[in-house]
Amino acid sequence: MSAIPLTVRGAERLQEELQRLKTVERPAVINAIAEARAQGDLSENAEYDAARERQGFIEGRIAELEGTLSNAHLIDPTALEAEGRAVFGATVEIEDLDSGDRVTYQIVGDVEADIKSNLISVSSPVARALIGKSEGDVVEVMAPAGVREYEVLGVRYI
């Protein structure tokens, strides 16, 4: 497997999720399976089937997280020296030139992207347009509704 870029904060969040799955979720589902087995006939036991399905999801997610973390290439945005350019891990404030809306995004890896938290994937159209740009630059992004123009208002490494 190739290296998976992650910010330090993103790796910490994944590690916390892995810890919770191993120490809380896994034991809880094992108990649920044991309780469902104690009820007898498993062929018509919906609780047993649901617990087994949940166990499969948990074990799959644990394997996925362990694989991601073992192949992670950690990048600490606070240690970057990119001379004011937008790079992986940077936090970029942009303004939509049509609407005047301002938004701040952090450019992160695919695994940790979460638009609700303003974490955009480095492979997203907006991030690809921002990479290498500095404060004052104007970028064009192809959106489903057409080309959008954004001005870079600031780049921080936090």
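One can find the structure itself at the top, above this paragraph.
Residues numbered from 1 in each chain as written. Predicted model: local features only at pLDDT ≥ 70, side-chain atom pairs only at ≥ 80, totals over all residues. Heavy atoms only, no water.

Draft legend 1. Looking closely at the overall build of the protein. When helices and strands are tallied, the protein shows three helices and seven strands. Reading the secondary structure of the protein in the N-to-C direction produces β-α-α-β-β-β-β-α-β-β. Its C-alpha atoms give the protein principal-axis dimensions of about 70 × 35 × 25 Å. In the protein, which comprises 158 residues, the proportion classed as buried is 34%. Restricting the contact set of the protein to residue pairs at least 6 apart, pairs at least 24 apart contribute 55%. Working note: accessible area of the protein is about 9,300 Å², and carbon and sulfur atoms make up 49% of it. Counting 16 positive and 29 negative side-chain charges, the protein places the averaged centre of each group 3 Å from the other. (Helix = DSSP H or I, 4+ residues; strand = E, 2+ residues; numbered from the N terminus. Buried < 20%, exposed > 50% of the residue type's maximum accessible area, 1.4 Å probe, protein only. Contact = heavy atoms within 4.5 Å. Areas by Shrake-Rupley, 256 points an atom, 1.4 Å probe, with all protein chains shown as cover. Lys, Arg positive; Asp, Glu negative; His and termini not counted. Charge placed at Lys NZ, Arg CZ, Asp CG, Glu CD.)

Draft legend 2. Layout of the environment of Ile 120. One can find Ile 120 in strand 5 (residues 119-121). C-alpha of Ile 120 to C-alpha of Arg 54: the two residues are 66 residues apart in sequence and 29 Å apart in space. Residues contacting Ile 120, with those up to four places away along its chain left out, are Tyr 105, Gln 106, Ile 107, Val 108, Ala 113, Ile 115, Val 126 and Ala 127.

Draft legend 3. Highlighting helix 2 (residues 46-70). Relative to the 36 Å expected for 25 residues at 1.5 Å per residue, helix 2 spans 36 Å between its end C-alpha atoms, a close match to the ideal helical length. All buried positions along helix 2 are accounted for by Tyr 48, Ala 51, Gln 55, Ile 58, Ile 62, Leu 65, Thr 68 and Leu 69. Close packing links the buried residues of helix 2 with strand 1 (4-7), helix 1 (8-38) and strand 2 (72-75). For helix 2, the N-terminal cap is Asn 45; the gap from its side-chain oxygen to the backbone nitrogen of Glu 47 is 3.1 Å. (Expected span 1.5 Å × (residues − 1). Polar contact = N/O pair within 3.5 Å; in protein donor to acceptor, adjacent residues only side chain to side chain.)

Draft legend 4. Summary view of the nonpolar core. In this structure, Val 92, Ile 94, Ile 107 and Leu 130 are the most contacted members of the largest nonpolar core, which totals 18 residues. At the level of secondary structure, the elements contributing two or more residues to this core comprise strand 3 (91-96), strand 4 (102-108), helix 3 (125-130), strand 6 (138-143) and strand 7 (146-156). Non-local contacts of Val 92, meaning those with residues more than four positions away in its chain, are made with Ala 86, Val 103, Thr 104, Tyr 105, Ile 107, Leu 130, Val 152, Gly 154 and Val 155. (Core = buried A, V, L, I, M, F, W, Y, C linked by side-chain atoms within 4.5 Å.)

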